[in-house]
Amino acid sequence: MRYRDTGDYQNLGVPVDDNLVFFSILLGIVLAVAFIVVGIRVKRYWMVIWGTGLVFASLSYFVMRMLGYF
């Protein structure tokens, strides 16, 4: 191997916290609403479709998380 392997593979660290997941869901919803509003104002309907898809993805992830699938 070319480089020295100094990784500690027994202690990989803390997994992603629930607060970070919740923040990313909220950020996704806020960005989606912004995409929808800006897309309607500038008549770029791909932004509206993109924002709508992001709202559905964020809400479905939130529902699945609350039901205990993740």
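Residues numbered from 1 in each chain as written. Predicted model: local features only at pLDDT ≥ 70, side-chain atom pairs only at ≥ 80, totals over all residues. Heavy atoms only, no water.

Asker: Could you give me a rundown of the overall build of the protein chain, with the residues and numbers involved?
Answerer: For the protein chain, the helix and strand inventory stands at 2 helices and 0 strands. For 70 residues, the compact-globule estimate of 2.2 N^0.38 gives 11 Å, and the protein chain exceeds it by more than 25% at 19 Å. The dimensions of the protein chain, computed from C-alpha atoms along their principal axes, are 55 × 35 × 15 Å. Per-residue burial over the protein chain gives 14% buried out of 70 residues. (Helix = DSSP H or I, 4+ residues; strand = E, 2+ residues; numbered from the N terminus. Rg over C-alpha atoms; globule rule 2.2 N^0.38 Å. Buried < 20%, exposed > 50% of the residue type's maximum accessible area, 1.4 Å probe, protein only.)

Asker: Which residues make up the environment of Asp5, and what values do they have?
Answerer: Examined against the element boundaries, Asp5 turns out to sit in the segment before helix H1 (18-41). Separated by 23 residues in the primary sequence, Asp5 and Gly28 place their C-alpha atoms 37 Å from one another.

Asker: Break down helix H2 (residues 45-67) for me, citing the residues and quoting the values.
Answerer: Helix length check: H2 (23 residues) gives 33 Å between terminal C-alpha atoms against 33 Å at 1.5 Å per residue, within 8%. Those residues of H2 lying buried are Met47, Val48, Gly51, Val55 and Ser58. Buried positions along H2 lie against H1. At the C-terminal side of H2, Gly68 shows a positive phi close to 90°. (Expected span 1.5 Å × (residues − 1). Contact = heavy atoms within 4.5 Å.)

Asker: Can you tell me about the environment of Leu59, naming the residues and giving the values?
Answerer: The residue Leu59 is located in helix H2 in this model. Of the residues examined, Leu59 reaches a relative accessible area of 40% and is grouped as partly exposed. Put simply, Leu59 and Leu31 are 28 residues apart on the chain and 13 Å apart in space, counted from C-alpha to C-alpha.

Asker: Describe in detail a nonpolar patch on the surface, supporting the description with residues and values.
Answerer: Together, Val16, Leu20, Phe23, Leu27 and Leu31 give the surface a local cluster of nonpolar side chains, amounting to about 480 Å² of exposed area. Looking at the secondary structure, you find Leu20 in helix H1. (Patch = residues over 30% accessible without salt bridge, like charges linked within 9 Å, V, L, I, M, F, W, Y side chains within 5 Å. Areas by Shrake-Rupley, 256 points an atom, 1.4 Å probe, with all protein chains shown as cover. Salt bridge = Lys/Arg side-chain N within 4 Å of Asp/Glu carboxyl O.)

Asker: Explain unusual backbone geometry to me, using residue names and the numbers behind them.
Answerer: One non-glycine residue with positive phi stands out, namely Lys43, at about 55°. Within the secondary structure, Lys43 is located in the loop between H1 and H2. Taking the relative accessible area as the measure of exposure, Lys43 reaches 58% and is therefore exposed.

Asker: Describe the packing of aromatic side chains, and please don't skip the residues or the numbers.
Answerer: For any pair of aromatic rings, geometry is given as the distance between the ring centres together with the angle between the planes. Taken as a whole, this structure holds 1 aromatic pair when the rule is applied. Between the aromatic rings of Phe22 and Phe62, the centroid separation amounts to 6.2 Å while the plane-to-plane angle is 50°, which identifies the pairing as tilted. Of this pair, Phe22 sits in helix H1 while Phe62 is found in helix H2, placing the two residues 40 residues apart along the sequence. (Phe/Tyr/Trp six-rings, centres within 6.5 Å; stacked < 30°, edge-to-face > 60°.)

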